[in-house]
Amino acid sequence: MYDVVIIGGGPAGLTAGLYAARGKLKTLIIEKEMVGGQIKNTSEIANYPGAIEGDSGSSLTMRMLEQAKSFGAIKVNDDIIEMDLEGKVKKIKGKNDEYEAKSVILATGANPRLMNVPGEEEFAGKGVSYCVTCDGPFFQDLETFVIGGGDSAVEEAGQLSKFAKKVTIVHRRDELRAAKSIQEDAFNNEKIEFMWDTVVKEIKGEGLLKTIVFENVKTGEETVVNASEEDGMMGIFVYVGFIPSTEIFKDHIELENGYIKANENMETNIDGVFAAGDNRIKPLRQLVTATSDGAVAAINAEKYINRIWK
């Protein structure tokens, strides 16, 4: 019987593990892959307070894990397939083992929706990004493309224009879906251009992204854009949505558009079950907000245990 079982080993889950274990709670972190979540694919962390210069997402989260373990947190690899969260004792079944807990923190994160085109995975972190806030400064004075036409895509294109020498918004339709005020800002930005009725067909390069093949969805015409020899690379930022990793919770936890509904104490609709990180409804999904969520969830899990179990 654990005091706290944390499902997910990204920054939110690792921070929850640190706070829970430091509070002398018997703590288990379950992660089906390598710890780190989305951030483990980021080559350099530049916008997290106190990050060491040259820190990668992987190195930072591995230190988070070691810190949590130093206070007694246990980490196992398992893929959760079934759970019963309603009772006082929370029962969780994985492919490898079964677990019982007094409280559960769901920190399963969300994943960017991929374009699913050749080269996308190969050049992730090498020209392909899903976060302007994380990676925009690395594309200083380079040509960049933002894929998508919603609020996030258009807003982030504006943010990217502060660094890139040119930003092209690529949208599969002939008009943007973003709010009119956001559109106006983009149309008035001299560094932003547009490619309408267009999708990415293929991404190419040699170590770094150097070529993008676009296709017009109406005519089928292909356009090949190459990075200049002077630049040596270019960037592509994908904003076609996120997919929260909450499928297994849908019959247990209250969701909205796939995201967990949790209050500011990270409490879900089930007593003793908390949510933290990118899988919950929130205005900003960043490393710093994920760690904040994890801390709040762990503190309130401890309060719940003290109230119900003691």
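Look up a bit, the structure's there.
Residues numbered from 1 in each chain as written. Predicted model: local features only at pLDDT ≥ 70, side-chain atom pairs only at ≥ 80, totals over all residues. Heavy atoms only, no water.

Student: In this structure, what is going on with the side chain of Gln183? I would like to understand it.
Tutor: Following the sequence through the fold, Gln183 ends up in helix 5 (residues 180-187). For Gln183, a relative accessible area of 8% gives the class buried. Setting aside anything within four residues of it in sequence, one finds Gln183 in contact with Leu176, Arg177 and Ala178. (Helix = DSSP H or I, 4+ residues; strand = E, 2+ residues; numbered from the N terminus. Buried < 20%, exposed > 50% of the residue type's maximum accessible area, 1.4 Å probe, protein only. Contact = heavy atoms within 4.5 Å.)

Student: Teacher, can you tell me more about the state of the cysteines here?
Tutor: A disulfide bridge is the covalent bond that connects two cysteines by way of their sulfur atoms. Enumeration according to the criterion identifies 1 disulfide in this entry. Here Cys131 connects covalently by a disulfide to Cys134, the sulfurs 2.3 Å from one another. Across the S-S bond of Cys131 and Cys134 the torsion is about 75°, and the bridge reads as right-handed. With a relative accessible area of 13%, Cys131 lands in the buried category. Accessibility expressed as a relative area gives 16% for Cys134, which makes it buried. (Disulfide = S-S within 2.5 Å.)

Student: Before we go on, may I ask you to explain the side chain of Thr144 in this structure?
Tutor: By secondary structure assignment, the location of Thr144 is in strand 9 (residues 143-147). Residue classification places Thr144 among the buried positions, given a relative accessible area of 0%. Aside from chain neighbours lying at most four places away, what touches Thr144 is Phe139, Leu160, Ala164, Lys166, Val167, Thr168, Gly235 and Phe237.

Student: I tried to follow the nonpolar core on my own but got confused; where do I start?
Tutor: Ranked by internal contacts, the top residues of the largest apolar core, which has 30 residues, are Val4, Ile6, Leu14, Ile29, Ile105, Phe274 and Ala297. If you list the elements that add at least two residues to this core, you get strand 1 (2-7), helix 1 (11-22), helix 2 (57-70) and helix 6 (287-308). With sequence-adjacent residues up to four places away left out, Leu14 is seen in contact with Gly9, Ile29, Val35, Thr61, Met64, Leu65 and Ala68. One finds Leu28, Met83, Ile92 and Tyr99 within the second-largest nonpolar core, a separate group that totals 20 residues. (Core = buried A, V, L, I, M, F, W, Y, C linked by side-chain atoms within 4.5 Å.)

Student: How should the packing of aromatic side chains be read in this particular structure?
Tutor: Think of a pair of aromatic rings as described by two things: how far the centres are apart, and how the planes are tilted against each other in angle. One pass over the structure, following the stated rule, counts 5 aromatic pairs. Relative to Phe214, the ring of Phe145 lies with its centre 5.3 Å away and its plane at 45°, an arrangement referred to as tilted. In this pair, Phe145 is assigned in strand 9 and Phe214 in strand 13 (residues 208-216), connecting sequence segments 69 residues apart. What makes Phe145 buried here is its relative accessible area of 2%. These aromatic residues form a ring-pair network of at least three members: Phe187, Phe194 and Trp196. A cation over an aromatic ring shows up here: Lys26 above the ring of Tyr2, its NZ or CZ 5.1 Å from the ring centre. One residue, Lys88, lies across the ring of Trp309, its end atom 4.4 Å from the ring centre. (Phe/Tyr/Trp six-rings, centres within 6.5 Å; stacked < 30°, edge-to-face > 60°. Lys NZ or Arg CZ within 6 Å of the ring centre and 35° of its normal.)

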